[in-house]
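Descriptive analysis of the structure
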Amino acid sequence: RKSLCHSLGRPSRSDFVQSEFAEGLVMIHYDIDTTENGYKKFEGNIELLIELKHILFKNDVVPDLVGYLSFDNIPNVSICISAQKELGFFISITDGKNIYLTLGDRNTLNETVDIWGDGLYISKGLFIPFSLAWKGLEEYLIYHKLSNKINWITSDEVPEEGNFIC
């Protein structure tokens, strides 16, 4: 069986496709904080998702981070992301009506982790492998639909003991 892999350092074809929604080309606004080698803030605008990869990930290492992606001509859609080395990657997509969350393990939704050490909690069960999460971001930005390769839940499905950010 042949496995298809995607390295952080090697762009996939979809990395070079600009984000397109019904309204046309979309500028992606990002606001991301990392704790790698001290606190660092990244803010700006990009047209290609691969640009964000190059800004954030050095030597194929995903830093611990929390951030938001928004779009210039799609005001009702926002994406929240968080990466934790021990847990993986979390994505929350708000489309104006619903909040969709990545689901890694339903059995650990009631266990939370303080991702910054300052009271910002996310359920452990919402984290998924980075490569899968990145593909999900690519698909959403290109096709404006949730990836069927990822298990998604709505915010209503997170138990009282759990938590998420959006």
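Rules used in this analysis
- Residues numbered from 1 in each chain as written.
- Predicted model: local features only at pLDDT ≥ 70, side-chain atom pairs only at ≥ 80, totals over all residues.
- Heavy atoms only, no water.
- Helix = DSSP H or I, 4+ residues; strand = E, 2+ residues; numbered from the N terminus.
- Buried < 20%, exposed > 50% of the residue type's maximum accessible area, 1.4 Å probe, protein only.
- Contact = heavy atoms within 4.5 Å.
- Areas by Shrake-Rupley, 256 points an atom, 1.4 Å probe, with all protein chains shown as cover.
- Arc of directions from axis to C-beta.

1. A word on the overall build of the protein
A tally of helices and strands in the protein yields two helices and 11 strands. Starting at the N terminus, the α and β elements of the protein follow one another as β-β-β-β-α-β-β-β-β-β-β-α-β. Counting every position in the protein, which comprises 166 residues, the buried fraction comes to 46%. Intrachain contacts of the protein at a sequence separation of at least 6 include 57% that bridge at least 24 residues. Taken as a whole, the protein presents about 9100 Å² of accessible surface, with 47% of it coming from carbon and sulfur.

2. As for the side chain of Thr-34
With respect to the secondary-structure elements, Thr-34 resides in strand β3 (residues 28-34). Excluding residues that lie within four positions of it along the chain, Thr-34 makes contacts with Tyr-39, Lys-40, Phe-42, Leu-56, Pro-63, Asp-64, Leu-65 and Trp-116.

3. Structural notes on the side chain of Gln-84
Within the fold, Gln-84 resides in strand β6 (residues 78-84). Beyond its immediate stretch of four places on either side in the chain, Gln-84 contacts Asp-64, Leu-65, Ile-115 and Phe-127.

4. A word on helix α1 (residues 49-56)
Residues separated by three or four positions in an α-helix point in the same direction, a consequence of the helix having 3.6 residues per turn. Residues of α1 that are buried include every one of Leu-49, Ile-50, Leu-52, Lys-53 and Leu-56, and no others. Seen end-on, α1 carries its buried residues on one side only, within an arc spanning 155°. The inward-facing, buried residues of α1 abut β3, β4 (40-46), β5 (65-71) and α2 (130-143).

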